[in-house]
Amino acid sequence: MDARYVQAKEMAPQVALMLLVLNERDAYTCYHSAGVVRWSERLGCALGLDEPQLKTLRTAAALHDVGKIGTPDSVLRKAGRLSEEEMSRMRSHCESGRRIVAACGIEDAEEVAEVVLHHHEAYDGSGYPDGLAGEEIPFYSRILAIADSYDAMATRRSYRGALPHRKIMYELNAYSSRYDPDILRTFAHLLWKQTGG
């Protein structure tokens, strides 16, 4: 089991259990979720969040894709482009995740569930499931959107290799209208200090 997953296990028992189930269902999704925890926490610290806020953010990051437990392999593991119907099925993981998190009995379950529901919303209103825009999107969901995108591009997938840091930053900037500009700027500065570019 990956070291990033082990770090995520240090969360509440219900979260660790859901991650264990997610790992059994799809190891990549669990691995990716642990990466999103890492990036979200670093970004949250850079944004000045306190420890209770970081705890909520870490929990939402760990569980942001838990709804994919119900996504069929034919969609979840497809190497090529998804059809419209398959994309609709993939997008339903946000609502499934909200229901799972709301029912799991963790602290701040309703808040975390809302963050999970909206982590694919876009700042320009082009995201899903509700087409929220700007500050209508929960703050933690706006953080997750960036951390999720970065980690997804930084890890190897069935249909492509991991992208290098500079290429990922190019992609984030090319689609910057999807992200909160202040949070994206903070993230870019954070990584610039780490990588020097």
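As a reminder, the structure under discussion sits directly above these lines.
Attention here is on the structure that accompanies the text. (Residues numbered from 1 in each chain as written. Predicted model: local features only at pLDDT ≥ 70, side-chain atom pairs only at ≥ 80, totals over all residues. Heavy atoms only, no water.)

Some words on helix 2 (residues 13-25)
The end-to-end C-alpha distance of helix 2, which contains 13 residues, comes to 18 Å, matching closely the 18 Å that a straight helix rising 1.5 Å per residue would cover. What helix 2 keeps buried is the set Val15, Ala16, Met18, Leu19, Leu22 and Asn23. An end-on view of helix 2 places all buried positions within 160 degrees of arc, on one side of the element. Set apart from the buried face of helix 2 by more than 90 degrees, the exposed residues are Pro13, Leu17 and Glu24. (Helix = DSSP H or I, 4+ residues; strand = E, 2+ residues; numbered from the N terminus. Expected span 1.5 Å × (residues − 1). Buried < 20%, exposed > 50% of the residue type's maximum accessible area, 1.4 Å probe, protein only. Arc of directions from axis to C-beta.)

Brief notes about the packing of helix 3 (residues 27-46) against helix 4 (residues 51-63)
In contact at an axis separation of 8 Å, helix 3 and helix 4 are set at 155 degrees when each is read in the N-to-C sense. Between helix 3 and helix 4, the angle falls in the class roughly antiparallel. Like other packed secondary-structure pairs, helix 3 and helix 4 cross with a definite hand, here right-handed. For the pair helix 3 and helix 4, the contacting residues are Ser33, Val36, Val37, Ser40, Glu41, Gly44 and Cys45 in the first and Leu54, Leu57, Arg58, Ala61 and Ala62 in the second. The residue inventory of the contact of helix 3 with helix 4, partitioned by class, reads seven nonpolar, three polar and two charged. (Axes fitted to C-alpha atoms, helices over the stretch in contact; angles between N-to-C directions. Parallel < 35°, antiparallel > 145°, perpendicular 65-115°, else oblique. Left-handed = near helix turned anticlockwise from the far one by under 90°. Contact = heavy atoms within 4.5 Å. Nonpolar A, V, L, I, M, F, W, Y, C, P; charged D, E, K, R; others polar.)

With respect to helix 7 (residues 93-102)
For helix 7, every residue scored as buried is listed here: His93, Cys94, Ser96, Gly97 and Val101. For helix 7, the angular spread of the buried residues around the axis is 160 degrees, confining them to a single face. Residues of helix 7 that are buried make contact with helix 4, helix 6 (84-91) and helix 8 (109-117).

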